[in-house]
Amino acid sequence: MTFFEVLRFATAALRGHGLRTGLSMLGVGIGVAAVVMLTGLGEGARRYVTDQFASLGTNILIIIPGKNETTGGLPGIGGVPNDLTIDDAATVLRTVRSVDTLSPVAMGTETVSYRSRSRDVMVVGATSEMQQVRGIVVRSGSFLPPGDWKRGAPVAVMGKGIAQELFPGQDPVGKVVRVGDFRTRVIGVMAPRGVSLGIDFDDIVIIPVATSMRLFNRNSLFRVLIKLDPLADSEVAKADIMATLIERHDGEEDFTLITQDAVMSAFSQIFAALTAALAGIAAISLSVAGIGIMNVMLVAVSERTHEIGLLKAVGARRRQILVAFLTEAVLLSGAGGVLGLGAAWIAMQALAATYPAVDVTPPTWAVLAAVGVSLVVGAVFGVLPARNATRLDPIAALRS
Amino acid sequence: MAPETMIQLRDLWRTYEVGGRPLHALREICEQIASGEHVAIMGPSGSGKSTLLNLIGCLDQPTGGSYVLNGREVATLTEDELADIRRNLIGFVFQSYHLIPRLTANGNVELPMVFAGLPRAERHERASAALEAVGMLERAGHRPDQLSGGELQRTAIARAIVMGPQLLLADEPTGNLDSKSGQQVLQLLDGLNDRGLTLIMVTHDPGVARRADRIITLVDGRIVSRMKGSAMGDINPYIGAVDSGAGTGELD
């Protein structure tokens, strides 16, 4: 009995009970579609976040003031964090060779107003190097001018959104706006960019870092964004930066140095775990579908006792009967799996058409696993009914 | 040359356990059936006729005694060997036909060959030949629900002979048929027997049984009489002596 013959026999048997076959296929289909779509969404979310980080550019290091760990000793003796200052940043840029460029960053919320219009926006203090570090494109005018970081000229660069709100239908370049208590001249408007790393670039005002620190009345920077030389070894660079800063901070490691890779992999791990959890939930529906298949096959076996008895009478071996019924179960779940894949594909096309920004392509492993699992489900849950079939007493089975 | 012995039963018992107590379906059965013989098995309901037929057909195993088929002791055979014997050596015909409803007549006849692993072209050829032999070739494409009782049974006979068996076992083959279809089926079986097929038939019907070379009558699992078919006489099968076992006394 060839494989093809077994398949034909099983197909004919399944077609004999269209509704029952269809319903149990639907069960598996829903399970497979759930696995594929939920992992697709999880993966999509993960990719979205990692893309966000990747858009930072490669070889980015971030210095954050403060150390997120407990220090021993008495209060007041150790562990008092020094400020992260503009001088720190300047020293790192000057002395660490693998640093391509860097920008100190301060951040706060201020009211920005022009004549009668005003808005509370995020104000970012930075330097001209910020343009290179974050890859900022200026649409009209220019970005912050290079020069002494500590001088702090009264100028501002606006995002597209805030520019439109404060200056509807006008070019803001050259106009004077109030940022908090300070009067600044708008020197540039950035090209639309949207949200990157949680900051809506269309809705910020960038001013020189020294100006911003006076404005916020702060001594410590919020961050230092460092762009490494593309050829530099990031581990060596990290060590050099650490050493430089620790020396400046009297031997105290009171700052945190994170790499883009580390942040990215942390997020990536979180989302991978989320995807796995979603896949797990979906897998439950697959196993429920498997029980459905077992039920259908048990009914099929008890309904077809005559047939099984006859197969024995015409000389079918136990193994052949086992294979025939197992094939039927696997075919049932496999067809359901294909059905589910089709449904998931259609749903994802619809989703992609509605939300083009979200990439919901499921990972290949999830697609293969869902189909593989659907086949395994058929095989596993088909064994018991198929074994029941082979164990039927032919005489009892043939008795009408 | 004397016909060679095909079936040799010696002190055969078949005992079931029912409610913790033994129930003897067959006791002390001793019988020889030669190749090419036509034997009818009669007896009242529950006398063990079908049990005996199932044992001979290797669907069941005796609990005691010996059954030698074509020189091989059946008790020593494995399950797969028994399946092979059923496939190649034995054809079954049942009272209720046991055709698979989703398969056409042709598909049903091909079934044993599918499990034998014969190639498709050969299956088709042999199924057509078997259907032609029972006069069902022109109905080969019909499903069981589109066929009459006589046609169903003829299809079942085609299925039973398609593997070219030496032994045909029929359990009340005319039990569900009207007399005209029944006659056709019996003629078919007689014809097969004439061509050398050993035929063993379980029946209630003396009119059917008398066509056999020999009639074996069972009561309570024991053989109570053996007689020639021609000795059955002209008993009207529709009046008396049927099923009740009342006839066995005078047959003895």
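Residues numbered from 1 in each chain as written. Chains lettered and ligands numbered in written order. Predicted model: local features only at pLDDT ≥ 70, side-chain atom pairs only at ≥ 80, totals over all residues. Heavy atoms only, no water.

## Points about the domain arrangement of chain A
The condition that has to hold: Boundaries of every domain are those given by an automatic assignment or by a domain database.
Domain parsing of chain A yields domain 1 (3-52 + 265-398) and domain 2 (82-251). On a C-alpha basis, the centroid separation for the pair domain 1 of chain A and domain 2 of chain A is 55 Å.

## So, the sheet that holds strand β6 (residues 90-93) of chain B
Residue and element names in this part refer to chain B. The line we're drawing: Note on pairing: two strands pair once DSSP finds at least 2 bridges between them. Segments assigned H or I by DSSP are reported as helices when at least four residues long, segments assigned E as strands when at least two residues long, and all are numbered from the N terminus. Comment: axis = line fitted to C-alpha atoms, over the contacting stretch for helices; angle = value between 0 and 180 degrees taken between N-to-C directions. A contact between two residues is defined here by any heavy atoms of the two lying within 4.5 Å.
The 6 strands are arranged β6-β7-β8-β3-β9-β10 in an open sheet whose pairing can be described as mixed. Looking at which strands have only one partner, the edges of the open sheet turn out to be β6 and β10 (222-228). The mean inter-strand angle of the sheet, taken between neighbouring strand axes irrespective of direction, is 20°. Helix α6 (residues 179-194) contacts β3 (38-42), β7 (167-171) and β8 (198-202) of the sheet and is inclined by roughly 145° relative to β8.

## As for the pairing of strand β1 (residues 5-18) of chain B
All names here are of chain B. When β1 meets strand β2 (residues 21-34), the two strands line up antiparallel, connected through 10 bridges. The residue bridging Thr-5 from the neighbouring strand is Ala-34, located in β2. Between β1 and β2, which pair antiparallel and follow one another directly, the connecting turn spans 2 residues, one of which, Gly-19, has a positive phi of 60°. Bridge count for β1 against strand β4 (residues 64-69) is 5 bridges, and the pairing is antiparallel. Its bridge partner being in β4, Ile-7 is matched across the sheet by Leu-69.

## Things to note about the nonpolar core
The condition is simple: Among buried residues, the Ala, Val, Leu, Ile, Met, Phe, Trp, Tyr and Cys ones that are joined through side-chain atoms within 4.5 Å form a nonpolar core. Between buried and exposed lies partly exposed: a residue is buried under 20% and exposed over 50% of the maximum accessible area for its type, with that area taken using a 1.4 Å probe on protein chains only.
If you look at the biggest cluster of nonpolar residues, it comprises 70 residues, and the most contacted ones within it are Ile7(B), Leu52(B), Ile56(B), Tyr67(B), Leu69(B), Ile90(B) and Ile200(B). Counting residues in each nonpolar core, the second largest holds 40 residues, with Tyr114(A), Val123(A), Phe216(A) and Phe255(A) among its members.

## As for the interface of chain B and chain A
Operational definition: Values labelled buried area give the accessible surface lost by two parts on being combined, using a 1.4 Å probe and summing over both. Note on definitions: salt bridges are taken to be side-chain nitrogens of Lys or Arg within 4 Å of carboxyl oxygens of Asp or Glu. Residues are sorted three ways: Asp, Glu, Lys and Arg are charged, Ala, Val, Leu, Ile, Met, Phe, Trp, Tyr, Cys and Pro are nonpolar, and all the rest, Gly among them, are polar.
Counting residues at the interface gives 23 residues for chain B and 24 residues for chain A. When chain B packs against chain A, close to 2,300 Å² is buried across both sides, 60% of that on carbon and sulfur atoms. By the criterion of area lost to chain A, the three top residues of chain B are His98(B), Arg102(B) and Phe115(B), representing 31% of everything that side buries. Across the chain B-chain A interface, the total number found is 5 salt bridges. In this structure, the salt-bridge partner of Glu5(A) is Arg123(B), at a minimum N-O distance of 3.0 Å. Of all the secondary-structure elements, those providing two or more residues to the side of chain B that touches chain A are α2 (79-88), α3 (105-116) and α4 (120-133) of chain B. A per-element tally of the side of chain B that touches chain A places α2(B) first, with 6 residues. Its residues assigned to classes, the side of chain B that touches chain A shows 9 nonpolar, 4 polar and 10 charged.

## Focus: the layout of surface pockets
As a reminder, the rule being used: With a 1 Å grid spanning the protein atoms alone, the term cavity applies to any set of points in which a 1.4 Å probe fits but cannot get out, the term pocket to an open set with protein on both sides within 12 Å along at least five of seven lines, and the term lining residue to any residue with an atom within 4 Å of a point. Grid points are joined across faces, edges and corners, and a volume is the space filled by probe spheres set on the points.
In this structure, the largest pocket occupies an estimated 600 Å³ of space. Arg399(A), Ser50(B), Thr51(B), Asn54(B) and Asp171(B) are the residues nearest the centre of the largest pocket, which is lined by 28 residues in total. If you list the elements that add at least two residues to the lining of the largest pocket, you get α12 (394-398) of chain A together with α1 (49-56), β6 and β7 of chain B. Per element, the largest residue contribution to the lining of the largest pocket is 5 residues, and it comes from α1(B). By residue class, the composition of the lining of the largest pocket is 12 nonpolar, 12 polar and 4 charged.

## Describing the packing of helix α5 (residues 149-161) of chain B against α6(B)
Two packed helices can be described by the angle between their axes and the distance between those axes. All names here are of chain B. Quick reminder of the rule: Each angle receives one of four descriptions, namely roughly parallel if under 35 degrees, roughly antiparallel if over 145, roughly perpendicular if within 65 to 115, and oblique otherwise. If you view the pair so one helix is near and one far, a crossing is left-handed when the near helix is turned anticlockwise from the far one by less than a right angle, and right-handed when it is turned clockwise.
Where α5 meets α6, the axes come as close as 9 Å, and the angle between the chain directions of the two elements is 15°. As far as their axial angle goes, α6 and α5 are roughly parallel. Crossing of α5 over α6 shows right-handed handedness. For the pair formed by α5 and α6, the contact residues are Gly-150, Gln-153, Arg-154, Ile-157 and Ile-161 on the first element and Ser-181, Gln-184, Val-185, Leu-188, Leu-189 and Leu-192 on the second. By residue class, the composition of the contact of α5 with α6 is 6 nonpolar, 4 polar and 1 charged.

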